[in-house]
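What the coordinates show
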Amino acid sequence: KTDLVVWRGDLDSTLNYSLNTYLRLFGGVKFSYLSYDMTGEGYNQKTKCRGVGPGLGFSITCPITENLFGVFNLSGLYSRQFFNEKIEESAFSDSSSVTDKMSFDVYGANSTLSLGYYFPSIGLTASVGGRYQYLKYNEVTKDTEYDGSEDKFYGLIFSLMYSF
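Residues numbered from 1 in each chain as written. Predicted model: local features only at pLDDT ≥ 70, side-chain atom pairs only at ≥ 80, totals over all residues. Heavy atoms only, no water.

Overview of the nonpolar core
The biggest cluster of nonpolar side chains holds nine residues, and these are Leu34, Cys49, Leu77, Phe83, Met102, Phe104, Val106, Leu135 and Tyr137. In terms of residue count, the dominant contributor to this core is strand β5 (residues 97-119) (three residues). For leucine 77, the residues in contact, after removing those within four places along its chain, are Lys30, Pro54, Gly55, Val106, Tyr107, Gly108, Asn110, Gln133 and Leu135. (Core = buried A, V, L, I, M, F, W, Y, C linked by side-chain atoms within 4.5 Å. Buried < 20%, exposed > 50% of the residue type's maximum accessible area, 1.4 Å probe, protein only. Helix = DSSP H or I, 4+ residues; strand = E, 2+ residues; numbered from the N terminus. Contact = heavy atoms within 4.5 Å.)

As for the side chain of asparagine 110
As for its position among the elements, asparagine 110 is in strand β5. Within polar-contact distance, the side chain of asparagine 110 engages the side chain of glutamine 133 at 2.8 Å. When sequence neighbours within four positions are dropped, the list of residues in contact with asparagine 110 reads Asn73, Leu74, Ser75, Leu77, Arg131, Tyr132 and Gln133. (Polar contact = N/O pair within 3.5 Å; in protein donor to acceptor, adjacent residues only side chain to side chain.)

Let's talk about empty space enclosed by the protein
Going through the model one piece at a time under the given rule, you end up with one cavity of 30 Å³ or more. Of the pockets and cavities examined, the largest cavity occupies roughly 70 Å³. In terms of lining residues, the largest cavity is bounded by Arg8, Lys30, Ser32, Tyr33, Leu34, Cys49, Leu77, Ser79, Gln81, Val106, Leu135 and Tyr137. Secondary-structure elements contributing two or more residues to the lining of the largest cavity are β2 (23-40), β4 (68-88) and β6 (124-139). Top element by residues in the lining of the largest cavity is β2. It accounts for four residues. (1 Å grid on protein atoms, 1.4 Å probe; cavity = no way out; pocket = protein on both sides within 12 Å on 5 of 7 lines; lining within 4 Å. Points joined across faces, edges and corners; volume = space filled by probe spheres on them.)

As structure tokens, this is what we get:
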């Protein structure tokens, strides 16, 4: 039996500039963290990853009523990711403990489709929708036999945005 525990967190911080009522440009910083622990007969693997980098994109807003609207966002991003991996008592290695440290340049894209509501009295927008993210990893350290990888994430999103 193999047990796997995964935790992933993203924080996207952005500034928007409105070109008109329907089109916005935005840019910001993405912070990400990933950890997974895999245990099974003969091995224990712990991996941690952290990264930070810029993103740029655009947003299209389609009004439905005075305060209700649909939004489509598309953005590109770059991030430098740092991985630390430790394998203990591995059945895949001659030694009892192996530690790898790797760095990656990560390029990707995000898209979201959401429904939002603006509360004008408090300057707050609440939205719910779906998100898809694609990330492509290119190893910088070149000291492992890593052959490239990509991640695809998708799911529901909820956001609150304060405007001033």
